[in-house]
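For reference, the chains in residue letters:
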Amino acid sequence: MDDNRTFEGKTLLITGANRGLGAALVEAAFARGAAKIYCGVRDIANFGPALDRFGGRAVAVALDVTNDAHVAAASDVVDVDIVVSNAGVTHMVPLLETTLEGARATMETNFFGPLRLVYAFGPDLDARGGGFISVLSLAALVPAHGAELYSASKAAGTMLGHAVRGAMPNVAVTLAYPGLMDTDMMRSSDFAKTSPQEIAANILDGWAGGETAVFPDLHSQYLRDAFVGRPQEVLTDPYALMRDALLRYLEARG
């Protein structure tokens, strides 16, 4: 993709588009001029009516990123300019309470799912100069206490995103690292959270602005500052970076 990144007149595929950040990304992309959006969801039967207000510009697609057949069928869509890999799962389980089954399920969605998208859409995106936006988590950069396997799955996604940049030079890649967000996934948390609408807008604007790494909210920005400013602790005590960024964020939010 050339240096003039834009959503104007483009066709997008957004996974996990039925709620939370995914739904906010659909709204934000249309607000920035997208022509058509394929909205990937697991349960297409109960989702289609939600798109009626967009007319024919929003198209529901049955897309479970852990399902090879779904991804293969979705790849028959040949007019996609930008893929937004947003579908993901949490795994808030302390390490010694996890199971291999739970770990594999988490990696299946958070790493192998995006990898399937890269295999299916990457060559065409590279040929047409398209875009790839990967929604990760600040937990991809430092371990989240009590959710280390979730962090591992998102860290794998970070490496995948950089691999796409290296292997497909014509694809404009952005990796997004949101922090605490007000979605169903984080409903059990009492911490102050940023709206998915704000985070979606900042992710898309970051991609359009040519950013490789986007920290779309105050929580993630504090973690970025700690990550960059305290490199020794990245290697020796990353938990301290996560803790201090959270405390700074909670203080700022009052």
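Once a new chain begins, its residue numbering starts again from 1 and follows that chain's sequence as written. Selection of residues for local features in this predicted model requires a pLDDT of at least 70, selection of side-chain atom pairs for listing and counting requires 80 or more, and totals for whole chains, interfaces and linings are taken over all residues. As a rule here, side-chain values cover all heavy atoms of the structure and leave hydrogens and water aside.

Caption draft 1: Structural view of the packing of helix α6 (residues 218–229) against helix α8 (residues 238–253). Interaxial distance between α6 and α8 falls to 8 Å at its minimum, and their mutual angle equals 140°. On the basis of the axis angle, α6 is oblique to α8. For the pair α6 and α8, the sense of crossing is right-handed. Touching Leu218, His219, Tyr222, Leu223, Asp225, Ala226 and Phe227 of α6 are Leu241, Met242, Ala245, Leu246, Arg248, Tyr249 and Ala252, all from α8. Classification convention: Asp, Glu, Lys, Arg as charged; Ala, Val, Leu, Ile, Met, Phe, Trp, Tyr, Cys, Pro as nonpolar; all other residues, Gly among them, as polar. For the contact of α6 with α8, the class distribution of residues is 11 nonpolar, 1 polar and 2 charged. Whenever a helix is involved, its axis is fitted only over the stretch in contact; in every case the axis is a line through C-alpha atoms, and angles between N-to-C directions fall within 0 to 180 degrees. Segments assigned H or I by DSSP are reported as helices when at least four residues long, segments assigned E as strands when at least two residues long, and all are numbered from the N terminus. An angle counts as roughly parallel when it lies under 35 degrees, as roughly antiparallel when it exceeds 145, as roughly perpendicular when it falls between 65 and 115, and as oblique in every other case. Crossing chirality is assigned from the near helix's rotation relative to the far helix, an anticlockwise turn below a right angle marking it left-handed and a clockwise turn marking it right-handed. Here a residue-residue contact requires only that any non-hydrogen atoms of the pair lie within 4.5 Å.

Caption draft 2: Main features of helix α4 (residues 148–167). What a helix should span is 1.5 Å times the count of its residues minus one. Helix length check: α4 (20 residues) gives 28 Å between terminal C-alpha atoms against 28 Å at 1.5 Å per residue, within 8%. When we look at burial in α4, the residues that qualify are Glu148, Tyr150, Ser151, Ser153, Lys154, Ala156, Gly157, Thr158, Leu160, Gly161 and Val164. Where α4 is buried, its residues contact α3 (100–128), β5 (131–135), β6 (172–176) and α8. When a residue's accessible area, from a 1.4 Å probe over protein chains only, is under 20% of the maximum for its type it is buried; when over 50% it is exposed; and in between it is partly exposed.

Caption draft 3: Just the side chain of threonine 194, in detail. Tracing the sequence through the fold places threonine 194 in the loop between β6 and α5 (196–208). For threonine 194, the contacting residues outside a window of four places in its chain are Leu180, Met181, Asp182, Ile199, Asp217, Tyr249 and Arg253.

Caption draft 4: Just the pattern of salt bridges, in detail. By convention in these notes, a salt bridge is any Lys or Arg side-chain nitrogen within 4 Å of a carboxyl oxygen on Asp or Glu. For the structure shown, the criterion picks out 12 salt bridges. The residue aspartate 205 makes a salt bridge to arginine 32 at a minimum N-O spacing of 2.7 Å. Note that aspartate 205 is positioned in helix α5 and arginine 32 in the loop between α1 (20–31) and β2 (36–41), a separation of 173 residues in sequence. The shortest N-O distance in the salt bridge between arginine 116 and aspartate 68 comes to 2.6 Å.

Caption draft 5: Inspection of the packing of α1 against α5 at higher detail. One can describe the packing of α1 onto α5 by two numbers: an axis separation of 8 Å at closest approach and a directional angle of 55°. The orientation of α1 relative to α5 falls into the category oblique. At the point where α1 passes α5, the crossing takes the right-handed sense. Where α1 approaches α5, its residues Gly20, Leu21, Ala24, Leu25, Ala28 and Ala29 are matched on the opposing element by Pro196, Gln197, Ile199, Ala200, Ala201, Ile203 and Leu204. Residues that form the contact of α1 with α5 fall into these classes: 11 nonpolar, 2 polar and no charged.

Caption draft 6: Region of the structure containing the sheet that holds β2. Taken in spatial order, the 7 strands line up as β3-β2-β1-β4-β5-β6-β7 in an open sheet, and their pairing is parallel. Looking along the sheet, the strands with just one partner apiece sit at the ends: β3 (58–62) and β7 (213–214). Packing of α1 onto the sheet brings it into contact with β1 (11–15), β2, β3, β4 (82–85) and β5, and relative to β2 it is tilted by some 175°. Contacts from α5 reach β4, β5, β6 and β7 within the one sheet, and its direction differs from that of β5 by about 145°. Paired strands are those between which DSSP finds at least two bridges.

Caption draft 7: α5, seen in detail. Spanning 13 residues, α5 covers 18 Å between terminal C-alpha atoms, matching the ideal 18 Å at 1.5 Å per step. On the buried face of α5, the contacting elements are α1, β4, β5, β6 and β7. At the C-terminal side of α5, glycine 210 shows a positive phi close to 85°.

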